[in-house]
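The lines below spell out each chain.
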Amino acid sequence: MFLNDLKEKDGDCVDIEDIDDNTLNRMLQYLYTAVVKDLQWESAVDLYEPADKYQIPTLKDKCSSFLQCNLTPSNACEILYLSDLHQDGNLKTCVQNFILKHDRDIFTSSGWNHIMENNPKLAAQTMHLKFK
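All values derive from a computational prediction rather than experimental measurement.

Participant: Which residues make up the pattern of salt bridges, and what are the values?
Facilitator: Evaluated as defined, the whole model comprises 4 salt bridges. When the shortest N-O distance is used, the salt bridge between Asp52 and Lys60 registers 3.1 Å. For Lys60, a relative accessible area of 14% puts it in the buried group. Among the salt bridges present, the one from Asp84 reaches Lys92, with a minimum N-O distance of 2.9 Å.

Participant: Any details on the packing of aromatic side chains? Residues and values, ideally.
Facilitator: Enumeration according to the criterion identifies 1 aromatic pair in this entry. Residues Phe107 and Trp112 carry aromatic rings whose centres are separated by 4.7 Å and whose planes lie at 50° to one another, so their mutual orientation is tilted. When its relative accessible area of 19% is taken as the criterion, Phe107 is described as buried. Here Trp112 falls in the buried class, since its relative accessible area comes to 0%.

Participant: Account for a negative patch on the surface, naming residues and giving values.
Facilitator: A cluster of acidic residues, Asp20, Asp21, Glu42 and Asp46, forms a negative patch at the surface. Mapped onto the secondary structure, Glu42 falls in helix H3 (residues 41–53). A relative accessible area of 58% places Glu42 in the exposed class.

Participant: Before we move on, could you go through H3 and cite the residues and values that matter?
Facilitator: Spanning 13 residues, H3 covers 19 Å between terminal C-alpha atoms, matching the ideal 18 Å at 1.5 Å per step. Listed as buried for H3 are Ser43, Ala44, Val45, Leu47, Tyr48, Pro50 and Ala51. Considering only its buried residues, H3 is in contact with helix H2 (21–33), helix H4 (57–69), helix H5 (76–85) and helix H6 (89–101). Once H3 finishes, Gln55 follows within two positions and takes phi at roughly 55°, a positive value.

Each value, and the rule that gives it
All residue numbers refer to position in the chain's written sequence, counted from 1. The model is predicted, so local features are restricted to residues of pLDDT at least 70 and side-chain atom pairs to those at 80 or more, both for listing and for counting; the totals for chains, interfaces and linings are taken over all residues. Only heavy atoms go into the side-chain values, all of them from the structure, while hydrogens and water stay out. The working definition used for a salt bridge is a side-chain nitrogen of Lys or Arg within 4 Å of a carboxyl oxygen of Asp or Glu. For each residue, the accessible area found with a 1.4 Å probe, counting protein chains only, is set against the maximum for its type, and the residue is called buried under 20%, exposed over 50%, and partly exposed in between. Note on aromatic pairs: the rings of Phe, Tyr and Trp (six-membered ring only in Trp) are paired at centre separations within 6.5 Å, and the planes decide the class, stacked below 30 degrees, edge-to-face beyond 60, tilted for the rest. Patches in this entry comprise residues that are over 30% relatively accessible and not in a salt bridge; like charges within 9 Å are linked, as are nonpolar side chains (Val, Leu, Ile, Met, Phe, Trp, Tyr) within 5 Å. What sets the accessible areas is the Shrake-Rupley method with a 1.4 Å probe; for residues, cover comes only from the shown protein chains. As used throughout, the charge tally considers Lys and Arg to be positive and Asp and Glu to be negative, leaving His and the chain termini uncounted. Taken as the charge location is NZ of Lys, CZ of Arg, CG of Asp or CD of Glu. The numbering of helices and of strands both runs from the N terminus, where a helix is a DSSP run of H or I of at least 4 residues and a strand a run of E of at least 2. Expected span, for any helix, means 1.5 Å times one less than how many residues it has. Any two residues whose heavy atoms approach within 4.5 Å are treated as being in contact.

Put into structure tokens, the structure is as follows:
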């Protein structure tokens, strides 16, 4: 943004409209300290996307590791969708394996119905793994 001919190069400030204040604050703290304090489920999900968008791989990895360690049948579909959206193969594989281990609970959930309706290719890829 600052090196190319974009409006941010000539301006005094940069408007970041896609991140809430708390998430932006946490991201900036991480950039200066390399520490993420009190990471919880919601904050890990909220930080994951901007870490990917703004190319902060170490923060993305920390969020991904936290999400992997805290998967449950009720949140697995959300993270499957997130991992697919951000083309995170490691997180996606981990979530798919988790889903296959908890298939009865997850395949009958509203989260899974949402994936089947909105991303049938992802649902089919995941279900296909069960039969490999």
